[in-house]
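# Observations on the model geometry
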Amino acid sequence: MTRTFVTIDGNEAAAYVAHKTNEVIAIYPITPSSPMGEWADQWSAENKVNIWGTTPLVQEMQAEGGAAGAVHGALQTGALTTTFTASQGLLLMIPNMYKIAGELTSTVFHIAARSLAAQGLSIFGDHSDVMAARSAGWAMLFANSVQEVMDFALITQAATLQARVPFLHVFDGFRTSHEVMKVEQLSDADIHAMIDDDLVRSHRARGLSPDRPVLRGTAQNPDVYFQARETVNPFYLAVPGIVQEKMDHFAGLSGRSYKLFDYVGAADADRVIVLMGSGAETAEETVNHLVAQGEKVGVVKVRLYRPFSGVHLLAALPASVRVLAALDRTKEPGATGEPLYQDIVTAVMEGMAEGAAPFAKLPRIIGGRYGLSSKEFTPAMIKGIFDEMKKPHPKNHFTIGIDDDVTFTSLAYDPDFGIEARGTVRALFWGLGADGTVGANKNSIKIIGEETPNYAQGYFVYDSKKSGARTISHLRFGPHPIHRAYLIHTANFVAVHQFGFLERYDVLADAEPGATVLLNAPFPPDEVWDALPRPVQRQIIAKKLKLYAIDAYRVAQETGMGVRINTIMQTCFFAISGVLPREEAIAEIKKAIYKTYGKRGEAVVQKNYDAVDATLAHLHPIALPDRAGSLLELPPVVPAEAPPFVQQVTAMMLAGRGDELPVSALPVDGTYPTGTTQWEKRNIALEAPVWDPEVCIQCGKCVLVCPHAVIRSKVVGEEALAAAPAGFLTAPARWKELPDLRYTLQVAVEDCTGCALCVEVCPAKNKRMVGRKAINMAPQLPQRSQGRVHWAFFRDLPDFPRHDGLTFNNVKNVQLLEPLFEFSGACAGCGETPYVKLLSQLFGDRAIIANATGCSSIYGGNLPTTPWTVNKEGRGPAWSNSLFEDNAEFGFGMRLTLDKQGEYARDLIVRLGDLIPPELAAALLAAEQSDEAGIAAQRARVAQLKSLLEAKRLAHPAPDLQPLISDLLSLADVLVKRSVWIVGGDGWAYDIGYGGLDHVLAQGRDVNVLVLDTEVYSNTGGQASKATPLGAVAKFAAGGKPTVKKDLGRMAMNYGYVYVAQVAMGANDAHTVRAFLEAESYDGPSLIIAYSHCIAHGINMAKGLEQQKLAMQTGYWPLYRFDPRRQAEGQNPLQLDAGQPKLPLSDYIYHEARYRMLLQSNPDVAKRFLDEAQAAINQHWQTYERLASEA
Amino acid sequence: MTDLTTTYMGMTLKNPIVPSASPLSYTLAGMRQLEDAGAAAVVMHSLFEEQILQESHHLDHYLHYGIESYAEALNYFPEQSSYSIGPDEYLNLIAAAQRALDIPIIASLNGVSSGGWVKYAQYIEQAGADGLELNIYYIPTDPAMTGAAVEEMYVNVVRDVRQSISIPLAVKISPYFSATANICYRLAAHGANALVLFNRFYQPDFDLEQLEVAPHLVLSTPFAMRVALRWVAILYGRVQADYAITNGVRSSVDVLKAIMAGANVAMMASELLEHGLRRIGEIEQEMRAWMEAHEYESVQMMRGSMSQQHVAEPAAFERANYMKVLRSWRPDPAGVLF
């Protein structure tokens, strides 16, 4: 049978089989499994059919728990049903998984296994999630490579139908789910040959039907539950046999043979390691290498982990084994060992006890942990484990791949040991997200994988930032199948697509001697060498690297490619590497261009063709001198004045050397210092704003909207400017309350992302040149050194006092409040962060923030550096992230603590009445804290109280008072008003967290909820939420969302006692400020829904605020405030703060690709959606108008 | 019975009233309404090459923007199976109109590149248009560009397109040429079957409050027609081509003037946009009434009757007329000069 080879990743491989073998698919996004749902949704939107010729019904749910419930229901009514998930998502499915297994239901869940959030969240791969689900009664089959993912997706589906035991089909998140690999695609005939239609019909027949009614899901009592629980045993006992039978059947079809436990290695091995997942691929390669060198080693690749068949394991092991090492990619603190270790111990001990084991003597069994959160697992580490196993007393419960200098679990190994094959091309590409490097490399893999007999593998490492992100592509090509699930550390080709990386990263560290280096350099060929930093020159000479250079940005500009150098660098790679003959390579690149971009129009194809054709003339070999003469040295990663933690820990992560940090360097409980982004000068903007004080009207709008808090202003006295550096600009302050002061506005050019929102929002035009404003973009590089000096001086200038002279209730005054959220890794032009920053300005020095998982938790809390910071008094927001689904409850818990502690503190003041002056006690208890002055006064009282109590405590008070004094000292700070904020996106508030949010709002306590509404799950790549508007294309709504956006605000208003505001900074910034102040001042629950333009809208981000305005002007996003306090005054609580819609909806939506895409792909549907959406908006507006006008 | 038939681009039309390129022809339904209202032919709204290019580049940009940067969000949109980018929608409309309408369909092409003109002209011919109007809208802002170079560009475009298609070809140009007669002659010599005089340049306005250049559409006025009226009258009989007068045709009198100057058809859009399609029928009736009253048997009889060649005072179209007009000025009776 002829099958095609395809170059795909693990997620696509799993989704391909799942879509072919199911009727209903319930989905929900979670990294790294989201692409499986996206593929399924897209294929169904394209009416692709399963093997029975019908298109699977794909349904997004509100949470993984909801997906599991929907799956359970669909299964119980007889549909072939599946879902995809990972990590916390799998944990949310566990309750249903018990039910599904208990009811002996055939299904397969496909899991891209991922770490669980513990001391910190991690999106990367390990087995923590599936191990947490291992007791639910599901069979678990582990696939180790992309090919195995495709194969096992089918084997599990076939097995579950026969066994009636549900299966988790597990593969490693990212390492396998995102690894692009050339694999053989199963045909429909293959799939049908494995799936027994009679078993499908049996599954259907077990479904609930009123025509043959049964009851399933009883409540059972002590008399029968236990026995009933044991009824399933025969089914579990049968599973290993069934799986092996399906594997054998599959081998007959495909030629790929699998066993429940596959042994690889010496027949007389004395040391064998046992593991599962992608690490087994590397272990197999390493074992083969070591055996060839005479080592007696082997590896058992565990396929079927549950039900665990000890008999099959023992049968797979050579009798000669002396030491067994079980490797777990998970951690179970407090256990006697990790799960696989325990299973191996049990199986061997039982085998020995029953005489079923092949060993003459009980082998020594050790267990170890490796690869948590996609930590590298290399041949060197595997050899290190085998070396340890040689020792008379090998370490048990070890770790490998880290330096545990606290409890000394880690094994030593030689990091220079490697087994890369000579005939393999190993290429590393350093790029920026924006330059298209990864996309081009994915194309290259496809070209080589599908157009040549070579095997190809690609794996991509991304940055932790969303703007200016670095990418490193690891590509291997060769004549033999590739089983190397680890990064390339000995590259024979290194491409550096960004010249600036040479100063920041050791990009040539992994280049092997004699390797070829391709550099994108913005210089003529004869100037390239001198432009290299000295350490780079030294490495090139020492390793005898071959250097080529091209000014790719110039070629891109000349061919209309803008900043995308993807096809240019790709052409260079093929030209230099010789993987294909040049002409053939260029023809294939063009073919790939047409395939990728053809449907986007001829013009796009042509500009890419032009770029390819123009490339080779600009590619030059660079002659190497015999010594490094450059005067350029690498700058320090962080400045010398950074605090010790930043110097010793953060800087290592920033330099890409976080793997070298020992255990002792890291906080034990996930607690990190704030304010660390200030030490990471990323310099990612090509242009940064320049202030023109003569034109400026000091309105503060640019300061307000700057997403990264790089534009700030201060008002100071002349004396403060005495030592101002040259060129430091100021102007007379335009506040009538502040005569004789100077105003200055400064830009942190090194932290700017160049988004230009500031320029767009600036209302002041230069009267001599109306195209220029009070703030204008200019090239960043020339501003850099002076900007650094100006910024340092500016930061040291005194801040305007919060409680003296001005009321911070308008945009102009708010600009003077120091932001306590700065330089985040959010996208350039982010629509969320201006609101977050405003929160930090208004309330940050007394705020506690519960942040739902999502964009805001990532740009707010992703290491290495975090943006929440402190003011000069050391106060600032205290921030934490619990989960995605529970954020309202999490923040509510914080409120409960504050309420309880406040109550106790006030009680203590009364109880310690003899020690505290009555006037101080009375003032503390009755403090008015509705404004900054009141808060400052209360802070002073608390300081006085603490000082007084401290003195009393030292004066040896009566024993019964001592604990009361100590308690009040520990609680006194809560007497200053705290501001609890519950922050998250629409995925949380509208979907997964809605139940909790609703409950928290209903309780009436003083919490402030800020919903950053981007109308999609932005962080996971733009999946539809219930906030997604009708007619917008999003992932999971590939054909356009057919239903209107949920009206969250109105639902909250129904309680009558919840403050609700809908705001859009770009539509009315003064309204936004007012709403924030009102919400915070309301002594009850408050909800602010903030329009947040987003990269997932497909807009020019510099025009985001304009889009917000259009949203308001069309009536799509009416601004309003619902203030329950007004009711007490006999007023309507609802104030509609926007005028009548004056533009048609089309004037707003068709600026956005999310709508235009549908117009271009399915204009009839787009037109229908537009009409429906316009009608819905009209009705929505009328409703609000009526509500606001009621007496 | 007064005969209103005329010929244009080799086609016989039932009257000389042709709706020019405008939003009225955006849809098949719109074109049907024009036919039902009495239009003799339809010039479709323009296919703008840069619009196609822009759509293509924008789609590509936004599908690329921000992708492959962050591990959790490797892209932001589901790829659609196909996009209707390019001239497909326009071409489909031509084909549909051709099937549904009895009157001739003249497509309109507004291009920016030499290759684009030829390629899209061929597409339009293949889609079944009865004729093609090239709308050459070019503002030569480069101080280094000579008038000769501009003219050469126009001529080359017309020549290339003429060589690539066989359907009748009209060329719509602006009035801003140093030697209008010469350029018209050259365009006709290189294959233009008809000349459409003149293109409207939508002049930008200034918004003094916002300090912005504020382009906005102003409907044409009858006065605007006089430039074309003069040039058609001058060119009629001298440069062998059909003529259409456009820009400022608002009434039956305007249509009659156009024909008398030498135009084969008068094109209108502003009048229809402002007062509705019924104006076509009204103008036709008014023309008939006027012609009957003035004993004109046919449009053919009337055509060119007031062209420069046929008027008693040819200098009226030249400098002499200019002086006469200037001298005719009299102050306002109230004594107010401005």
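Residues numbered from 1 in each chain as written. Chains lettered and ligands numbered in written order. Predicted model: local features only at pLDDT ≥ 70, side-chain atom pairs only at ≥ 80, totals over all residues.

## Here's the deal with the overall build of chain B
When helices and strands are counted, chain B shows 12 helices and 12 strands. The C-alpha radius of gyration of chain B comes to 22 Å, within 12% of the 20 Å expected for a compact globule of 338 residues. Viewed in the frame of its principal axes, chain B has a C-alpha envelope of about 80 × 50 × 40 Å. Within chain B, the fraction of its 338 residues that count as buried is 47%. When contacts within chain B are restricted to residue pairs at least 6 apart in sequence, those whose partners lie at least 24 apart make up 71%. (Helix = DSSP H or I, 4+ residues; strand = E, 2+ residues; numbered from the N terminus. Rg over C-alpha atoms; globule rule 2.2 N^0.38 Å. Buried ≥ 20, exposed ≤ 12 C-beta atoms within 10 Å, placed from the backbone. Contact = placed C-beta atoms within 7 Å.)

## Brief notes about the domain arrangement of chain A
Residue and element names in this part refer to chain A. Assigned domains of chain A: these are domain 1 (5–212 + 224–253), domain 2 (262–400), domain 3 (425–622), domain 4 (674–808), domain 5 (892–975) and domain 6 (979–1189). A straight line from the C-alpha centre of domain 5 to that of domain 6 covers 41 Å. Residue-level contacts link six residues of domain 5 with seven residues of domain 6. Partitioning the side of domain 5 that touches domain 6 into residue classes produces three nonpolar, one polar and two charged. (Domains from an automatic or database assignment. Nonpolar A, V, L, I, M, F, W, Y, C, P; charged D, E, K, R; others polar.)

## Considerations on the nonpolar core
Counting 358 residues, the largest nonpolar core has A:Val274, A:Val494 and A:Ile1088 as its most contacted members. The contacts of A:Val494, once residues within four sequence positions are left out, are A:Leu428, A:Val507, A:Leu508, A:Ala511, A:Ala515 and A:Val517. Counting residues in hydrophobic clusters, the runner-up holds 88 residues, among them B:Ala40, B:Ile105, B:Val158 and B:Ile173. (Core = buried A, V, L, I, M, F, W, Y, C linked by C-beta atoms within 7 Å.)

## Let's talk about the environment of A:Lys442
Residues and elements named next belong to chain A. With respect to the helices and strands, the residue Lys442 is situated in helix α15 (residues 437–451). Residue classification places Lys442 among the buried positions, given that 22 C-beta atoms sit within 10 Å. Taking the C-alpha atoms as reference points, Lys442 and Thr160, separated by 282 residues in sequence, lie 34 Å from one another. For Lys442, the residues in contact, after removing those within four places along its chain, are Val180 and Gly458.

## Regarding the sheet that holds strand β8 (residues 180–184) of chain A
Residues and elements named next belong to chain A. Pairing is mixed across the open sheet formed by nine strands, whose spatial order is β1-β8-β17-β18-β16-β19-β20-β21-β22. Looking at the sheet topology across the chains shown, the edges are occupied by β1 (5–9) and β22 (620–622). In this sheet, neighbouring strand axes are inclined to one another by 25° on average, regardless of whether the strands run parallel or antiparallel. Where strand β16 (residues 425–432) meets strand β18 (residues 470–478), eight bridges bridge the pair, whose relative direction is antiparallel. Counted as the bridge partner of Leu428 is His474 from β18. Contacting β1 and β8, helix α1 (residues 10–20) runs over the sheet at an angle of about 115° to β1. The strands touched by helix α6 (residues 146–163) within the sheet are β1 and β8, with β8 carrying the most contacts at an inclination of about 50°. (Pairing = 2+ DSSP bridges. Axes fitted to C-alpha atoms, helices over the stretch in contact; angles between N-to-C directions.)

## A look at the interface of chain A and chain B
Across the boundary between the two partners, chain A contributes 40 residues, which contact 30 residues of chain B. Elements that contribute at least two residues to the side of chain A that touches chain B include exactly α2 (34–45), α15, α22 (602–615) and α41 (1153–1161) of chain A. Here the element with the most residues in the side of chain A that touches chain B is α41(A); it accounts for four residues. Taken together, the residues of the side of chain A that touches chain B break down into 17 nonpolar, 14 polar and nine charged.

## Describing the pairing of strand β5 (residues 108–113) of chain A
Successive side chains on a regular strand alternate, one facing one side of the sheet and the next facing the other. Residues and elements named next belong to chain A. With six of its six residues buried, β5 lies for the most part within the structure. On β5, burial covers both faces: Val108, His110 and Ala112 on one face and Phe109, Ile111 and Ala113 on the other are all buried. Summarising the sheet, strand β4 (residues 81–85) and β5 pair through four bridges and their orientation is parallel. The residue of β5 that forms the bridge with Phe84 is His110. As for the winding sense of the linkage, the β-α-β connection from β4 through helix α4 (residues 87–102) to β5 is right-handed. When β5 meets strand β7 (residues 167–172), the two strands line up parallel, connected through six bridges. Pairing of His110 across the sheet is with His169, part of β7. (Right-handed = clockwise from strand over helix to strand, strands pointing away.)

## Focus on the sheet that holds strand β13 (residues 323–328) of chain A
Residue and element names in this part refer to chain A. Pairing within the open sheet is mixed, and its six strands lie in the order β9-β11-β10-β13-β14-β15. Two strands bound the open sheet, and with one partner strand each, they are β9 (261–265) and β15 (398–400). Strand-to-strand, the axes of this sheet are offset by a mean angle of 25°, without reference to chain direction. Bridge count between strand β10 (residues 271–275) and strand β11 (residues 297–302): five bridges; the pairing is parallel. Across the sheet, the residue bridging to Val272 is Gly298, located in β11. Seen against the sheet, helix α11 (residues 279–292) touches β9, β10, β11, β13 and β14 (364–370) and runs at an angle of roughly 160° to β11.

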